[in-house]
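# Descriptive analysis of the structure
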Amino acid sequence: MAFDDKSEIIAHFIGIFETNSEAARLRTDYDKFRSEVKKFDGPNDLLNVNVQVTSPFAANGFEPGMNINSASRSLQINVAPPIHTLQDAAIKALNIQKIPLGTLPDLPMDSQIGGFGAYSFTYFLQPPSSVATINIQENFLIDDDVFANVDLGIQFTGPSVFHTAVNALANTAESLQIVKIPDLPANGDAIAQNALATVEALATATAPELEGATIDLVHGQGATGTVENGNSVEESSSLNDAMPDVRQPDEGQGTPNGAPGHVVNTGSSTLVNQAVVTTNWLDAPVIAVMGDYVSVSAVGQVNVWNDTDTTNNAADVVIPSTTHGLNSSLITTVANAVAESGYTGGPETVVVTRIEGDVVNVNYVQQYNFAYDNDVVSVTFSATETYLELSDNTLVNQVDLVEFGFHYDLIVVGSDMIDLRVISQTNVLLDTDSIHVEGSFSGNIDGSDNLLWNEALIYQSGVNTVEDMPDFYANTASMLESGSNNVNDGVLSDEALDGTQVLRVLYIEGDMLDVQAIEQVNVLGDADQVALVSETIQSEDGANIEIITGSNALINVASIIDLGVDSTVYVGGDQYSDAMLYQAGFVSTEDPLVVSDTSGLASEAVLFLADDMIEAAQTGSDLDIAPVISNEPPADVMQSVLA
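The rules we used
Residues numbered from 1 in each chain as written. Predicted model: local features only at pLDDT ≥ 70, side-chain atom pairs only at ≥ 80, totals over all residues. Heavy atoms only, no water. Pairing = 2+ DSSP bridges. Helix = DSSP H or I, 4+ residues; strand = E, 2+ residues; numbered from the N terminus. Contact = heavy atoms within 4.5 Å. Expected span 1.5 Å × (residues − 1). Buried < 20%, exposed > 50% of the residue type's maximum accessible area, 1.4 Å probe, protein only. Core = buried A, V, L, I, M, F, W, Y, C linked by side-chain atoms within 4.5 Å. 1 Å grid on protein atoms, 1.4 Å probe; cavity = no way out; pocket = protein on both sides within 12 Å on 5 of 7 lines; lining within 4 Å. Points joined across faces, edges and corners; volume = space filled by probe spheres on them. Salt bridge = Lys/Arg side-chain N within 4 Å of Asp/Glu carboxyl O.

Here the focus is the sheet that holds strand β33 (residues 529-533). One open sheet holds the five strands; their spatial order is β9-β22-β33-β27-β18, and the pairing between them is parallel. The sheet is open, and its two borders are formed by β9 (146-148) and β18 (310-311), each paired with just one other strand.

Given below as structure tokens:
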């Protein structure tokens, strides 16, 4: 619609006014924005930094000929570089390379160059340090569950009775285990004392007498190689293959053929201790020990269990015991000669470093798993499929140590040299289950299939050949003790040192101690009581039932890997070397309900744990448990806990 002249003028005026007003408002905002931008408009001035470079050396012009000022120059060379690392130190598969000591450049002590000056070379030899670690790991679990949705009028036994029973089994295992690691030292002086006390105890240990126990105790060559349950084998067993069926690949908890059904699992717990100690701390092709020389490797393995399951007559099911225990040990020593340096002849230069006192490489590893897992189930099913799990616990301790030190050409020990490697492993299991079924039963009850596994490896690279102390080494030790940095000429002529140009000597005033100790303990009480009403189980067409009250795994795996080179050990005092293997197994068939008197138990109720980790024996109303069934409807009306 067209406007008249006056309306057109007014409309234009209003439009121009609105446009100008909006521009004015925008100008105000824009000016504020522009003022902020102006603050940072353009780059700042460059930072002006004056750099002054000075040097004590000035460039000279061309100077033909050679002008050597008469001067003496010294050079320090570290002749004890750290040893090379190894490729792999796994528990089973070892691929260990020879460890070269390294070579020095062909540098004589004195050299004349053109008759103008003398150059003297001062060799610097790094002294070794000591290392001591104490690793204590403990897991303590109480998982005594009660699940009841039906009252079958059965009086269940309280968990304290089974606590007492597993404690009694643990005491039996303690009496069977004769391989003990050294006591923790109160101070540095006690390290050697405790180690020697352990060596004496191992040397004089005798097999205990326990009716029904299988015991194998051997010393010397009989302890070396791969031994399983007292028998030498070519190849050790596989842990994966030995695991319970529910832990096997493509297996697991479920009903046969994948049909709909019900699963009640009150077992399937796993207790694991794993420790690997790899050391390559201190070694030499020649070691002169003025005192005594002791080298002992010992493994002690014990498995104790009770797997006596019972069912009522209505179940008409016999539960065979398929629990098995394995003690597997490998003690071996392999040669590892020093890598050739390319130099032929004996030492021309001697470099000495000293340690006042002892040099120690000590590692203590103690791992404990203790679990009470005594479950009570009184259940009836109203769904097509049910999965009820009251266990399946996992307790794990793990230690992995790798320690590298130095190698020398000659180590002189003013006192004793002690090498001690001890592994002590114990498994204790109580799996006495009680199954009560009302009515007929055609399902599967798996109350056993437990595994008790001990696996130990003591691996040494480098063979020590022990010989009597020659006079020239005894004389050298006396010289070093008096503060001299020289050695007897007989040492320089020793064939064992051929190929060494600069002789690197370590003098230890005190003892040279290498103590590696691992103790592993698993204790599990898994005495379950299960009561079922079977009529409802069969009400669904094709429904099945699976009851799992066993399938536990107690696993100890320990490795001590001691790496070094072949050595000739000259000993001035007594010498003692031994390998010891002790393997024991005991299966108890005693009814745990009769083991209810705790007055005879030691204060350390469960042998290997501290007093405050074990609860006091319970008495009173908890000895018997009756299921408490509420008359109220369940909060979960869909019963999703069961279905």
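The rest of the description comes next.
As for its position among the elements, Thr432 is in the loop between β26 (417-430) and β27 (434-438). Those residues in contact with Thr432 that sit more than four places away from it in its chain are Phe162, Asn306, Thr308, Asp309, Asp526, Ala527, Asp528 and Pro592.

The subject of this paragraph is helix α3 (residues 189-204). Between its first and last C-alpha atoms α3 spans 24 Å; for 16 residues at 1.5 Å apiece the expected length is 22 Å, and the two agree. Taken residue by residue, α3 has Ala190, Ile191, Ala192, Asn194, Ala195, Thr198, Val199 and Leu202 as its buried positions. For α3, the secondary structure elements touched by its buried residues are β11 (214-219), β17 (293-306), β21 (359-372), β26, β32 (512-525) and β37 (575-588).

Take unusual backbone geometry next. Residue Asn229 is not a glycine yet carries a positive backbone phi of 50 degrees. Along the chain, Asn229 falls in the loop between β12 (225-228) and β13 (231-232).

Right, let's talk about the nonpolar core for a bit. Nonpolar side chains tend to gather and get buried jointly when the protein is soluble and globular. Counting 41 residues, the largest nonpolar core has Met580 and Tyr582 as the members making the most contacts within it. If you list the elements that add at least two residues to this core, you get α2 (159-176), α3, β17, β21, β26, β32 and β37. For Tyr582, the residues in contact, after removing those within four places along its chain, are Leu176, Gln177, Ile178, Val179, Pro208, Ile215, Asp216, Leu217, Val299, Gly300, Gln301 and Val302. Ranked by size, the runner-up nonpolar core spans 23 residues in total, among them Ala284, Tyr408, Val569 and Val571.

Right, let's get into empty space enclosed by the protein. All told, the structure shown has one cavity of 30 Å³ or more when counted by the stated rule. Its boundaries defined by the atoms lining it, the largest cavity holds a volume of some 260 Å³. Breaking the lining of the largest cavity down by element, the ones donating at least two residues are β15 (270-283), β21, β26, β29 (451-461) and β32. For the lining of the largest cavity, the element with the highest residue contribution is β15, accounting for five residues.

Taken as a whole and assessed by the stated rule, the structure comprises two salt bridges. For Asp409, the salt bridge is made with Arg504, and the minimal N-O distance between the two is 3.0 Å. Remark: Arg504 occurs in strand β31 (residues 502-508) and Asp409 occurs in the loop between β24 (394-407) and β25 (410-413); sequence separation between them is 95 residues. Judged by relative accessible area, Arg504 falls into the buried class, the value being 5%. Between Arg421 and Asp562 there is a salt bridge whose closest N-O contact spans 3.6 Å. Of the two residues, Arg421 is situated in strand β26 and Asp562 in strand β35 (residues 553-562); the sequence distance between them amounts to 141 residues. Both residues of the pair, Arg421 and Asp562, count as buried.

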